[in-house]
2 protein chains.
Amino acid sequence: MHDTLAEVSAILGRSKEALSQFQAILEPTIEQAADDHERLYWHHIYEEEEHRFDRLAALLPKLEEALADEAFLSRENGDFLRLLQDISLEKFGLHNFLEHLDLSLFHYKGTEHEPAIAALRDMTAADYQQMKSALETLNGALDVPVSFAAATPTDEKEEQKEYLKLAQYAATPAASASRPAIGTKRQLTVGSLKNK
Amino acid sequence: MHDTLAEVSAILGRSKEALSQFQAILEPTIEQAADDHERLYWHHIYEEEEHRFDRLAALLPKLEEALADEAFLSRENGDFLRLLQDISLEKFGLHNFLEHLDLSLFHYKGTEHEPAIAALRDMTAADYQQMKSALETLNGALDVPVSFAAATPTDEKEEQKEYLKLAQYAATPAASASRPAIGTKRQLTVGSLKNK
């Protein structure tokens, strides 16, 4: 259990770095937005990632404290169960980050920022799969009714309508490891609105 | 304190209804999306609101339980402080919903759905202001170091760069009460991409 939590801590730590890199790319895009729609669009993604940064900044020290205290990691400890709920929220945060990166790739394709964003995207896709495995391991090890219901994306909900899901974010690691085919649809990006 | 929490419960209850109405409007838009970019865009907003629905479905019964037990509402009660943290997360959720509605208005302007979305938008803008006041009241009444740091949007962060903020979501109720001027820029919407 300790090793699995250490893995979760490493994933969230590098995702906090990654989102900061992404924010730095977004800042000039917000500043130079051509119209209110484009500005709101990038502002909104930026703000959600900033919110995630604030949450991770609060969570990571608690996680480190927990890792340093073997007695903390007990199913009898309510604080530990709350920590697991916070972690399950960040599983969803990773999924959202993946979609933010994919959305931004439609805009930044062919620009100097594409390789950096693509690298963040691939790292995040792998980390999301690792995070899912880690939570399954913790669930199995604890065997307690910690509710992770609010940490399952639309893509992975069995009871949800199929046409609302996207294949590249579905449950299987193989599918989510590949980026959506953006192809040559450069003219269809949100960013291209500013040229109209 | 009890009345303020009852107010919070009412706000979150009607926002849960509101987001379901919004999801119903989005579903055919996702199904009929003209390309991968548009599908990912609406899917992403839909999924974030669905996540909010799941969180509210877990939080609201806890809030009702707390309201029925006067002894629960004590600064000495760790569970109560955690409940307040969950509520502060939903303050951010309301802010995000407001931005989702504004983003969607660029797409649905001039359609049969505009009046419904505009009504949800205006209700949410007013509720967000009421939620901020409620949290300030609770903070003042409790005088405990409950961290609400991770519940402040970019728009309201004093230390944040000005060009990353949007005036219509800034701290003053008067400004945020009005929708952004969408005007006649119909041709600049994300939705209009499918006609290109």
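Placed above this text is the structure.
What counts as what
- Residues numbered from 1 in each chain as written.
- Chains lettered and ligands numbered in written order.
- Predicted model: local features only at pLDDT ≥ 70, side-chain atom pairs only at ≥ 80, totals over all residues.
- Heavy atoms only, no water.
- Least-squares fit on C-alpha atoms with pLDDT ≥ 70 in both.
- Contact = heavy atoms within 4.5 Å.
- Helix = DSSP H or I, 4+ residues; strand = E, 2+ residues; numbered from the N terminus.
- Expected span 1.5 Å × (residues − 1).
- Core = buried A, V, L, I, M, F, W, Y, C linked by side-chain atoms within 4.5 Å.
- Buried < 20%, exposed > 50% of the residue type's maximum accessible area, 1.4 Å probe, protein only.
- Salt bridge = Lys/Arg side-chain N within 4 Å of Asp/Glu carboxyl O.
- Phe/Tyr/Trp six-rings, centres within 6.5 Å; stacked < 30°, edge-to-face > 60°.
- Lys NZ or Arg CZ within 6 Å of the ring centre and 35° of its normal.

**With respect to the relation of the copies chain A and chain B**
Mapping chain A onto chain B is achieved by rotating through 180° and translating by 0.0 Å along the same axis, at an RMSD of 0.0 Å. These values place the two chain copies in the arrangement generated by a two-fold rotation axis. The share of interface residues of chain A whose copies in chain B are also at the interface is 100%, consistent with both copies meeting through the same surface.

**Here we look at helix 4 (residues 114-142) of chain B**
For an α-helix the count is 3.6 residues per turn, leaving residues at separations of three or four pointing the same way. An ideal rise of 1.5 Å per residue puts 42 Å on 29 residues; helix 4 of chain B measures up with 41 Å between its terminal C-alpha atoms. B:Asp143 lies just past helix 4 of chain B and shows a positive phi near 50°.

**With respect to the nonpolar core**
In this structure, A:Leu5, A:Ile87, B:Leu5 and B:Ile87 are the most contacted members of the largest nonpolar core, which totals 95 residues. Contributing elements (two or more residues each) for this core: helix 1 (2-31), helix 2 (36-67), helix 3 (78-108) and helix 4 (114-142) of chain A together with helix 1 (2-31), helix 2 (36-67), helix 3 (78-108) and helix 4 of chain B. Every residue in contact with B:Leu5, bar those within four places of it in the chain, is listed here: B:Leu63, B:Leu67, B:Leu73, B:Phe80, B:Leu84, B:Ile87 and B:Leu138.

**Notes on the pattern of salt bridges**
Residues and elements named next belong to chain A. Taken as a whole and judged by the stated rule, the model has 24 salt bridges over all chains. A salt bridge links Arg55 to Glu90; the nearest nitrogen and oxygen atoms lie 2.7 Å apart. In this pair, Arg55 sits in helix 2 while Glu90 sits in helix 3, placing the two residues 35 residues apart along the sequence. You can call Arg55 buried: its relative accessible area is 16%. Here Lys132 makes a salt bridge to Glu156, at a shortest N to O gap of 3.6 Å. Remark: Glu156 occurs in the loop between helix 4 and helix 5 (173-176) and Lys132 occurs in helix 4; sequence separation between them is 24 residues. What makes Lys132 buried here is its relative accessible area of 11%.

**So, the packing of aromatic side chains**
Using the criterion set out here, one finds nine aromatic pairs over all chains in the structure. Ring centres 5.9 Å apart and planes at 65° place the aromatic pair A:Phe22 and A:Phe97 in the edge-to-face group. Linking A:Phe22 in helix 1 with A:Phe97 in helix 3, this pair joins segments that are 75 residues apart in sequence. Per residue, the accessibility class of A:Phe22 equals that of A:Phe97, and both read buried. Note on A:Phe72 and A:Phe80: the rings are 6.0 Å apart at their centroids and 75° apart in plane angle, and the pair reads as edge-to-face. Judged by its relative accessible area of 0%, A:Phe80 falls in the buried class. In this structure an aromatic cluster arises from ring pairing among A:Tyr41, A:Trp42, A:Tyr108, B:Tyr41, B:Trp42 and B:Tyr108. Over the aromatic face of A:Phe97 sits the side chain of A:Arg52, whose NZ or CZ is 4.5 Å from the ring centroid.

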